[in-house]
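Here is how the chains run, residue by residue.
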Amino acid sequence: MEDIDTALTGPNPMMLLGGGNPAKIPAVQQRFRDAMLALLEDGQRFEQMTGNYDGARGNSRFLRALAKMLKDQCGWAITPENIAITNGSQTSFYVLFHLFAGPSADTSGRKILLPMVPEYIGYTDVGIGEDLFRAQKPLIETLGDHEFKYRIDFDAIKLSPEIGAIAISRPGNPTGNVSSDDEIRRLRGLAKESNVPLILDCAYGDPFPGIVFPEIATEWDKDTIICLSLSKLGLPGVRTGIIIADKEIIQAVSGANAIMSLAPASFGPSLVTHMVEDGSILDMSRTVIRPYYENKSALAQDWIREAMGSLPCRIHRSEGAIFLWLWFEALPITSEELYQRLKTRGVLVVAGEHFFPGLNAPWVHRQECIRVSYALNPDHLQRGIKIIAEEVARAYAG
Ligand SMILES: Cc1ncc(COP(=O)(O)O)c(C=O)c1O
């Protein structure tokens with residue numbers, strides 16, 4: 001985060017291919033601008049939004065509208081009591097991981113099982129005082145000459161009483177992998193067998209912002225916790241996370257909200273309430289946001305294939321999210337060293353080795369990958385890709 005801030009505000013322009021900022025899509029930004037103007041002109045709404053604390057679960061009009069939309073449009077059997085707002089998904093995970101992992105009376109310390117790493121870097125240091133994760137390496141399927149895909153290695157997953165919850169990002173960060181409906185059903189089955197919840201991190205969709213390219217159906221039941229966010233719609237600055245879960249869990253989240261911040265921020269929910277009430281948040285996700293990223297991903301992959309030529313570079317199949325995950329098999333330097341070399345040339349990516357929370361065993365693969373965001377400036381992306389290819393070629397040449 002420091003690197004990104006320095007790159008955005010420092011004197012030397014950097015090619016920002018590292019951070020998690022979403023694209024600034026003009027049609028989407030215009031809708032938020034219109035929503036802001038409408039909010040300012042709508043009677044006392046602005047004064048209510050800025051002058052009152054919401055309840056500890058969040059703004060009640062927003063909760064009602066969201067519950068209705070998710071019930072009507074996604075078939076989730078929920079009421080507003082199944083939803084809590086937080087100050088961003090990162091806060092949601094902080095609360096949830098500490099609810100379901102950490103020291104407990106019956107075990108020495110429960111863990112969150114990550115059934116497939118690489119996984120979201122933001123989970124890594126969430127645990128206060130101890131390592132909260134157990135992680136499972138994936139199966140690697142190579143696809144043609146230039147692609148690959150991770151799959152959950154169900155045979156290797158070992159559940160034990162120390163596991164307090166199973167968590168997975170879908171679409172996955174850093175890889176853009178979207179676990180299939182069948183894989184999610186199997187994970188749900190494993191979670192039920194162990195009487196623990198399945199936490200689905202849907203920060204990139206489904207149902208919004210919909211940065212998911214294959215057709216999938218996300219199902220909710222009382223043993224599933226779904227985490228959504230307004231960030232990747234284009235609103236990371238408003239810091240709004242959404243948790244959908246069994247009422248008892250929501251009560252615990254609401255208690256944590258009250259302790260940590262009295263109430264979650266009102267701005268994000270107030271800004272998008274109308275878009276949830278009329279369902280346009282879903283239309284915008286399907287008809288504007290998803291095609292925008294799908295096209296950009298395809299273009300970025302073309303540029304990568306062209307720049308890499310015959311170098312041993314594989315791209316993880318891009319099924320969603322805003323990143324491409326590149327694997328350079330048998331890379332003679334670590335991904336951290338590659339990151340440093342690229343930084344000196346003005347290109348910021350993220351070294352792959354940081355995306356393996358909970359995986360303590362050595363695995364050379366983690367040092368052979370980098371994460372590249374394709375969300376921002378296309379000119380920087382194209383130039384950055386060329387520089388990545390030059391540095392990778394230099395590394396292979398020794
Ligand atoms: C998979 C995933 N989950 C959660 C988050 C955190 O999102 P938020 O901005 O809502 O805290 C991110 C942010 O990049 C993410 O990539």
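What you are looking at is a predicted structure, and each value in this text was computed from that prediction instead of being measured.

Asker: Before we move on, could you go through the overall build of the protein and cite the residues and values that matter?
Answerer: Counting its secondary structure elements, the protein contains twelve helices and 15 strands. Computed over its C-alpha atoms, the radius of gyration of the protein comes to 21 Å, within 12% of the 21 Å expected for a compact globule of 398 residues. For the protein, the spread of C-alpha atoms along the principal axes amounts to about 65 × 55 × 35 Å. The 398 residues of the protein split such that 47% are buried. Looking at the protein alone, contacts between residues at least 24 apart form 73% of all its contacts between residues at least 6 apart.

Asker: An account of the sheet that holds strand β14 (residues 350-351) is needed here, citing residue identities and associated values.
Answerer: Strand order in this open sheet of six strands is β5-β6-β11-β12-β15-β14, and the pairing throughout is mixed. Across the chains shown, the open sheet's two edge strands, defined by having one partner strand only, are β5 (139-143) and β14. Here strand β11 (residues 313-316) runs beside strand β12 (residues 323-328); their pairing, made up of three bridges, is antiparallel. Among the inter-strand pairings, Ile-315 is bridged to a residue of β12, identified as Leu-326.

Asker: Any details on the domain arrangement of the protein? Residues and values, ideally.
Answerer: Taken domain by domain, the protein comprises domain 1 (2-29 + 284-391) and domain 2 (44-279). Taking only C-alpha atoms into account, the centre of domain 1 sits 24 Å from that of domain 2. Residue-level contacts link 35 residues of domain 1 with 41 residues of domain 2. Elements represented by at least two residues in the side of domain 1 that touches domain 2 include exactly α2 (26-41), α10 (280-308), β11 and β12. Of the residues forming the side of domain 1 that touches domain 2, the biggest block, seven residues, is contributed by α10. Its residues assigned to classes, the side of domain 1 that touches domain 2 comprises 17 nonpolar, nine polar and nine charged.

Asker: Hey, could you go over the environment of Arg-383 for me, with residue numbers and the actual values?
Answerer: Inspection of the secondary structure assignment puts Arg-383 in helix α12 (residues 378-396). You can call Arg-383 partly exposed: it has 16 C-beta atoms within 10 Å. Between the C-alpha atom of Arg-383 and that of Tyr-94, which follows or precedes it by 289 residues, the distance is 37 Å.

Asker: Please set out the sheet that holds strand β9 (residues 224-229) residue by residue, giving values where relevant.
Answerer: Judged by pairing direction, the sheet is mixed, and its seven strands sit side by side in the order β2-β10-β9-β8-β7-β3-β4 without closing on themselves. The sheet is open, and its two borders are formed by β2 (83-86) and β4 (133-135), each paired with just one other strand. Put simply, the sheet's adjacent strands are angled 25° from each other on average, direction ignored. Helix α6 (residues 181-193) rests against β7 (163-169), β8 (198-201) and β9 of the sheet, and its axis sits at about 170° to β7.

Asker: Tell me about the site of the ligand, and name the residues and values.
Answerer: Lining the immediate surroundings of the ligand are 14 residues, of which Gly-20, Gly-88, Ser-89, Ser-229 and Ser-231 lie closest. Counted by class, the shell around the ligand contains three nonpolar, ten polar and one charged residues.

Asker: Residue-level account of unusual backbone geometry, with values.
Answerer: Most peptide bonds take the trans configuration, and most residues that are not glycine carry a negative phi. In this structure, the amide linkage connecting Val-117 to the following residue, Pro-118, adopts the cis form with an omega of 15°. Note that Pro-118 resides in the loop between β3 (111-114) and β4. Put simply, Asn-173 and Pro-174 share a cis peptide bond, and its omega is 25°. When you line up the elements, Pro-174 lands in the loop between β7 and α6. A positive phi angle is found at Arg-239, which is not glycine, with a value near 55°. Relative to the helices and strands, Arg-239 is located in the loop between α7 (231-234) and β10 (241-244). Arg-239 gets classed as partly exposed once you count the C-beta atoms within 10 Å, which come to 19. The residue Ala-321 is not glycine, and still its phi comes out positive at about 60°. Tracing the sequence through the fold places Ala-321 in the loop between β11 and β12. Exposure remark for Ala-321: the 32 C-beta atoms within 10 Å place this residue in the buried category.

Asker: Now, about α6: what can you tell me, with residues and values included?
Answerer: Here α6 contains 13 residues, and its C-alpha end-to-end distance of 18 Å stays within 8% of the 18 Å for a straight helix at 1.5 Å per residue. Ile-184, Leu-187 and Ala-191 are the residues of α6 that are buried. Buried residues along α6 cover an arc of 60° about the axis, so they all sit on one side. When the buried face of α6 is taken as reference, the exposed residues oriented beyond 90 degrees from it are Asp-182, Arg-185, Gly-189 and Glu-193. For α6, the elements touching its buried residues are β7 and β8. Among the residues trailing α6, Asn-195 stands out with phi positive, at a value near 60°.

Asker: Tell me about helix α8 (residues 247-261), and name the residues and values.
Answerer: Between its terminal C-alpha atoms α8 stretches 20 Å, which fits the 21 Å expected from 15 residues at 1.5 Å a residue. Summarising the contacts, the buried residues of α8 are in contact with β2, α5 (89-100), β9 and β10. Positive phi appears at Leu-262, one or two residues downstream of α8, with a value of about 65°.

Asker: Requested: an account of the nonpolar core, with residues and values cited.
Answerer: Ile-112, Ile-243 and Val-349 are the most contacted members of the largest nonpolar core, which has 113 residues in total. Per-element tally for this core: the top contributor is α10, with eight residues. Here this core spans two domains, since at least three of its residues come from each of domain 1 (2-29 + 284-391) and domain 2 (44-279).

What counts and what doesn't
Residues numbered from 1 in each chain as written. Predicted model: local features only at pLDDT ≥ 70, side-chain atom pairs only at ≥ 80, totals over all residues. Helix = DSSP H or I, 4+ residues; strand = E, 2+ residues; numbered from the N terminus. Rg over C-alpha atoms; globule rule 2.2 N^0.38 Å. Buried ≥ 20, exposed ≤ 12 C-beta atoms within 10 Å, placed from the backbone. Contact = placed C-beta atoms within 7 Å. Pairing = 2+ DSSP bridges. Domains from an automatic or database assignment. Nonpolar A, V, L, I, M, F, W, Y, C, P; charged D, E, K, R; others polar. Axes fitted to C-alpha atoms, helices over the stretch in contact; angles between N-to-C directions. Near = placed C-beta within 6 Å. Expected span 1.5 Å × (residues − 1). Arc of directions from axis to C-beta. Core = buried A, V, L, I, M, F, W, Y, C linked by C-beta atoms within 7 Å.

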